[in-house]
Amino acid sequence: MMFHEIPLNRPLTPLLDQVPTPDKLRELPVDALPELARELREFMLWSTGQTGGHFGAGLGVIELTIALHYVYNTPQDRVVWDVGHQTYPHKILTGRKEQMLTMRQQDGLAAFPRREESPYDTFGVGHSSTSISAALGMARAAELTGSERKVVAVIGDGAMTAGMAFEALNDAAHQNANMLVILNDNQMSISNAVGGLSNYFSRIWASKSYIALREGGKRVLQSMPTAMNFVRRTEEQMKTMVTDAPGALFESIGFNYVGPIDGHNLDELIETIANLSEAKGPQLLHVFTTKGKGFAPAEADPIGYHAISKIAPVTERAAEPAAKAKKTAASSIDATASAAHVVAAVAPKPKKYSDVFGDWLCAAAAKDLRLVGITPAMCEGSGMVSFAAQYPERYHDVAIAEQHAVTFAAGLACEGLKPVVAIYSTFLQRGYDQLIHDVALQNLDVTFAIDRAGLVGEDGPTHAGAYDLAFLRCIPNMIIAAPSDEAECHALLEAAWQHQGPSAVRYPRGTGTGAAINASTELPAIGRARTLRRGVEVAILNFGSRLEAVAQAADELKKLGLATPTIVDMRWVKPLDEACLVELANSHSLLVSVEEHAVMGGAGSAVGEWLHANGYHCGLLTIGIRDAYIEHASPVQMHAACGLDRDGIVRAIGERLARTQLGH
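About the thresholds
- Throughout, a residue's number is its position along its own chain's written sequence, starting from 1.
- Restriction of local features to residues with pLDDT of at least 70 applies here, the model being predicted, together with a cutoff of 80 or more for giving and counting side-chain atom pairs; totals for whole chains, interfaces and linings are based on all residues.
- Only hydrogens and water are removed before side-chain values are computed, so all heavy atoms of the structure are retained for them.
- Salt bridge, as applied in this entry: a Lys or Arg side-chain nitrogen positioned within 4 Å of an Asp or Glu carboxyl oxygen.
- Going along the chain from the N terminus, every DSSP run of H or I of four or more residues is numbered as a helix, and every run of E of two or more is numbered as a strand.
- Any residue under 20% of the maximum accessible area for its type is buried, any over 50% is exposed, and the rest in between are partly exposed; the area is computed with a 1.4 Å probe on protein chains only.
- Two strands make a pair as long as DSSP finds a minimum of two bridges between them.
- With axes taken as lines fitted to C-alpha atoms, and helix axes fitted only over the stretch in contact, angles between N-to-C directions fall between 0 and 180 degrees.
- In this analysis, two residues are considered to be in contact whenever any of their non-hydrogen atoms come within 4.5 Å of each other.
- UniProt positions are given in the numbering used here, feature names are shortened, and annotations may be inferred rather than shown by experiment.

Enquirer: Would you mind showing me how to read the pattern of salt bridges here?
Expert: Any two side chains of opposite charge can pair, so long as their charged atoms come close to each other. The full count for this structure, using the stated rule, is 30 salt bridges. When the shortest N-O distance is used, the salt bridge between Glu 117 and Arg 96 registers 2.7 Å. Residue Glu 117 is located in the loop between α6 (88-96) and α7 (131-145), and its partner Arg 96 is located in helix α6; the two are separated by 21 residues in the primary sequence. Using a relative accessible area of 23% as the deciding quantity, one classes Glu 117 as partly exposed. Residues Arg 140 and Glu 143 are paired through a salt bridge, measuring 3.1 Å at the closest nitrogen-oxygen approach. Taken together, the residues Arg 140 and Glu 143, both in helix α7 and three residues apart, mark about one turn of the helix. Judged by relative accessible area, which is 35%, Arg 140 ranks as partly exposed. Through salt bridges with shared partners, a single network forms among Arg 10, Asp 17, Lys 97 and Glu 98.

Below is the structure:
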């Protein structure tokens, strides 16, 4: 059945209601499963419409999810999902159906598989291409402990582009591990369409009789190397002839390749998976699925429907015009800021930081032919769509290969080009060795535009960019900027890019404050802060996106009679504005650093190190993310939980001043 709209009312799901867990699913007759798939698809459409979240990938694996839980004795048998975007159907079938309306909300279900959430979530994920390595570890553990447990990894064709996946495949073949890898090919990356001949041979290769003949023949021919090699080459060539290149690739690594098969045909899936689950050695099943399957708009636009926002109820929709008519409150930051930061009485709709970056990238590329843009599979998320369209010869999407992206940029820089690597903070962690060894050590001119820096809301700790300042500022030759709004982001990107050497600009997910961008504004000097408000005794040093909360906190502190703080937007984490710090340390008794980053090793730590090294003894209070993973919630809730909102900053400064007055 094809759905054309997301249901606004909870659908009736009588069959799905009978299978709260996979053990009940396995009691159903096979001929009932298509109806179960229809109900599951409709329920997922409704529940995700209520909460928002990842969408297309889950719709594409409805049948595969049912087949896996039908064949395998989960959770005793291990099913390891890659990335986790596709696991909403898995969550629904594994005891969490009635919790789906809490998805991505504070204290609710996580957006990705999480071991603490359910015994059916065998491995916590969020970053791609980890499933085969984890599943191999589980398969090896089963062998070492004498367990009959079976293990299967489900990985998408996009995730299969990462080197880590092939490292794991190679090792799994080397260890001759008893495991199944399912390559879920939604035709976004690898192969071509399913053909009748291919389907026919795939059923043969997955049959128990073929597997028994194949393994038996190997044993017989082991003492005859020449014959063994001939048979193996013949088999590989036959598979290549009817399935094209992927089969030969995986066979050459050492996997028994089966497929491709239709990932929406439950009978074929169950029969094939059941046969392969009994096979010994490394097996790879290639299935074709359609991203967004069963929902017409998502099938037509799988990228646009990768994730969706919450579908507003009718009453909320009616209220939208009135809400839009409300005026934006004026900024509390002093008029001492430059003209580029003046906020109009009725501010325009704030831009997303990713769009600010995209606009800057296009403008910079128009001025300088040396600019090359690179992204590891994050074109849309990083705001590079316009750049890719305008400058296709200078745009490179290297797929999910962060390490390669960084060293590729280094190679370009060696030849005099000026590459810009657009990458999420959490994913830059995966290219750290390359960042140090291939870029910074050689002092190469590469600019890193680091998106999703800080807390990311509903995606939770797997995607939080909480550590980039700590792991970047310890690297020689690197300079690091932390803009406080859209105008600063645009200006600091330009300043960092014009710098000769490695540089990084970190900015948050979502929209800014509405600050107007003036591209003709004089560029910020590297390592120079800007003082926005003059006060006494207490100086608040803002690093990055919390400037608006800092200004609100300063107003509240003054109102309460606790302090009249100086506000400094530091702009640069490395190098620090040492002249500014000297002046502040000599004129204020307490410096307060505020950053949307881990306190340990962050910008506040850098200030503390400088004060200590230079013999200053004024007080220092660091406000940021504590030594803990911050669970998924709305950004407002996360900032409150970390004390990074107005009230949290006021509370922290007030408590510190109170302790100081008591002599503690």
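From this point, things continue past the structure.
Enquirer: Before we go on, may I ask you to explain the sheet that holds strand β12 (residues 479-481) in this structure?
Expert: The strands that make up a sheet are held in pairs by hydrogen bonds between backbone atoms, and each pair lies either parallel or antiparallel. Sheet architecture is open: seven strands sit in the order β9-β8-β10-β11-β13-β12-β17, paired in mixed fashion. The sheet is open, and its two edges are formed by β9 (395-397) and β17 (572-574), each paired on a single side. Across the sheet, the mean angle separating the axes of adjacent strands is 20° when strand polarity is ignored. Summarising the sheet, β12 and β17 pair through two bridges and their orientation is antiparallel. Among the inter-strand pairings, Ile 480 is bridged to a residue of β17, identified as Lys 574. Against the sheet, helix α18 (residues 402-414) contacts β8 (371-375), β9, β10 (418-424) and β11 (447-451), and its axis sits at roughly 165° relative to β10.

Enquirer: Can you help me understand unusual backbone geometry in this one?
Expert: What you tend to see is this: most non-glycine residues have negative phi, and most peptide bonds are trans. Note that the residue after Gly 259, namely Pro 260, is joined by a cis bond; omega there is 0°. Here Pro 260 is to be found in strand β5 (residues 256-262). Of note, the amide linkage connecting Lys 574 to Pro 575 takes the cis form, showing an omega dihedral of 0°. Within the element layout of this structure, Pro 575 appears in the loop between β17 and α24 (578-587). Of note, Asn 176 is a non-glycine position whose phi angle comes to about 50°, a positive value. The phi torsion at Asn 477 lies on the positive side, around 80°, for a residue other than glycine. On the secondary structure map, Asn 477 appears in the loop between α21 (468-473) and β12.

Enquirer: Which parts of the structure should I look at to understand the pairing of strand β13 (residues 503-506)?
Expert: Taken residue by residue, a regular strand's side chains alternate between the two faces of the sheet. Side-chain alternation along β13 places Ser 503 and Val 505 on one buried face and Ala 504 and Arg 506 on a second face that is also buried. As defined by bridge partners, β11 adjoins β13 across four bridges and the pair is classed as parallel. Residue Ile 450 lies in a different strand from β13, and its bridge partner there is Arg 506. Where β12 meets β13, three bridges bridge the pair, whose relative direction is parallel.

Enquirer: Please explain the sheet that holds strand β16 (residues 566-569) as it appears in this structure.
Expert: Pairing is mixed in the open sheet, where five strands are placed in the order β14-β16-β15-β18-β19. Sheet topology places β14 (530-533) and β19 (619-625) at the edges, where each strand pairs with a single neighbour. Sheet twist, expressed as the mean angle between neighbouring strand axes with direction ignored, is 25°. Sheet topology places strand β15 (residues 537-543) next to β16; four bridges connect them, and they run parallel. Each bridged residue has a counterpart across the sheet, and for Leu 541 the counterpart in β16 is Val 568.

Enquirer: How should the UniProt feature "binding site: thiamine diphosphate" (unreviewed entry) in the protein chain be read in this particular structure?
Expert: Within this numbering scheme, the UniProt entry marks His 85, Gly 126, His 127, Ser 128, Gly 158, Ala 159, Asn 186, Phe 295 and Glu 402 as carrying the feature "binding site: thiamine diphosphate" (unreviewed entry). Relative to the helices and strands, Gly 126 resides in the loop between α6 and α7. The class of Gly 126 is buried, set by a relative accessible area of 4%. Once residues within four sequence positions are removed from consideration, Gly 126 is found in contact with Val 83, Phe 112, Thr 462 and His 463. Once residues lying within four places of it in the same chain are set aside, the contact partners of Asn 186 are Asp 157, Thr 289 and Lys 291.

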